[in-house]
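Observations on the three-dimensional arrangement
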Amino acid sequence: MTYAGSYGQRDLGIAAAGESAARGRAEMTSFDEVYDQPDPRDFFRVLGHWDYQTPHHAQGVFRRVAATRTRTARAAAPVTVLDICCSYGINAALLNHSLTLEDLYAHYTSPQAAALTTAELIEWDRAYYAAHRRPDAHRVIGLDIAANAISYALAVGLLDEGFTENLETAPPTPALLHAAQPTLLVTVTGGASFLSPRTFQPLLAAAHEQVWIAAFVLRTGSYRHIADGLTPHGLVTEKAAAPSYPQRRFTSVQEQRYAITAVTAAGQDPRGKETDGYFHTELHLSRPTKDATALPLTTFTSEST
């Protein structure tokens, strides 16, 4: 599926933008308390209970897309990645280190981690991530309104730069625009329901080259309003026809009922997905038309590539 022409770490169960997003928030369990702690132990403890897994599914896709940008862009490697709603730098951890999301769950819920102060955990994590750093690591900029989460990700070396700005309510600072200039890839694994083209457009305008955007979006909402806002920047948005990716388990019958109703209203089939107890996301990739023509979307969704 392609959106074109005039046809836009918090999507843990939120609907689309506007009125439907507000209705969705009223239906969903809030995890707000875990997003801005001094360290990510509560995040992994709470969300692990509900089998939150989107960064796991995004890991391979983002690596394949970043590797492609390394080969096709004019700028020299490493590729600069801007992760929107980056939380504690989880996408950066999985992109740039020989680690899995399961490894991170085990690490942050371990007795060793529980015994440490935040300061001690930061020191432990610096060594942990340094020991697992990949030779093909990319430069990552993080953007999130959660100041504690950004501070942690910077302190342990997951982010090269981090910004606590809300571009939905205020224009970006000169410092953020300067940092965004070498960006070749924007990633999103949570928060699309809270975003509009207002967040993306100034970052795209600041970039020296055309930027690709890879976003994992809940099936309960629409990405169309964002896709529309990207077309003036020469980007066409494709949604992967398959697969969809489990995001997390429902916390209640009410959540599941809401999700099934929302997905059905969006013209999609919840059978075997939301009916089986999980929110699901789908990959949306925005690129220049020439790149979409040259490299089918399945190039990045196939685990064999």
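To keep things clear, this report deals only with the structure shown in the data block. (Residues numbered from 1 in each chain as written. Predicted model: local features only at pLDDT ≥ 70, side-chain atom pairs only at ≥ 80, totals over all residues. Heavy atoms only, no water.)

1. Considerations on the pairing of strand E2 (residues 80-84)
Where burial is concerned, most of E2 is hidden: five out of the five residues are buried. Side-chain alternation along E2 places Thr 80, Leu 82 and Ile 84 on one buried face and Val 81 and Asp 83 on a second face that is also buried. Sheet analysis places E2 next to strand E5 (residues 183-188), joined by five bridges and oriented parallel. Bridge pairing in E5 links Asp 83 to Thr 187. (Buried < 20%, exposed > 50% of the residue type's maximum accessible area, 1.4 Å probe, protein only. Helix = DSSP H or I, 4+ residues; strand = E, 2+ residues; numbered from the N terminus. Pairing = 2+ DSSP bridges.)

2. A word on the packing of helix H5 (residues 101-108) against helix H7 (residues 118-131)
Direction vectors running N to C along H5 and H7 enclose 150 degrees, while the axes themselves pass 13 Å from each other. Relative to H7, the element H5 is oriented roughly antiparallel. Our pair here, H5 against H7, has a crossing hand that is right-handed. Two secondary-structure elements touch here, H5 through Asp 103, Leu 104, His 107 and Tyr 108 and H7 through Leu 121, Trp 124, Asp 125, Tyr 128 and Tyr 129. Grouping the amino acids of the contact of H5 with H7 by side-chain chemistry returns six nonpolar, one polar and two charged. (Axes fitted to C-alpha atoms, helices over the stretch in contact; angles between N-to-C directions. Parallel < 35°, antiparallel > 145°, perpendicular 65-115°, else oblique. Left-handed = near helix turned anticlockwise from the far one by under 90°. Contact = heavy atoms within 4.5 Å. Nonpolar A, V, L, I, M, F, W, Y, C, P; charged D, E, K, R; others polar.)

3. Concerning the pattern of salt bridges
In a structure, side chains of opposite charge can pair up when their charged atoms sit close to one another. Counted under the stated rule, the structure contains 13 salt bridges. Across the salt bridge formed by Arg 134 and Asp 136, the nearest N and O atoms sit 2.9 Å from each other. A salt bridge links Arg 287 to Glu 238, with the shortest nitrogen-to-oxygen separation between them at 2.6 Å. Here the residue Arg 287 occupies a position in strand E9 (residues 278-287), and Glu 238 occupies one in strand E7 (residues 236-239), the gap between them amounting to 49 residues. When its relative accessible area of 15% is taken as the criterion, Glu 238 is described as buried. Several salt bridges share partner residues, and in doing so they unite Arg 219, Lys 239, Glu 274 and Glu 282 into one network. (Salt bridge = Lys/Arg side-chain N within 4 Å of Asp/Glu carboxyl O.)

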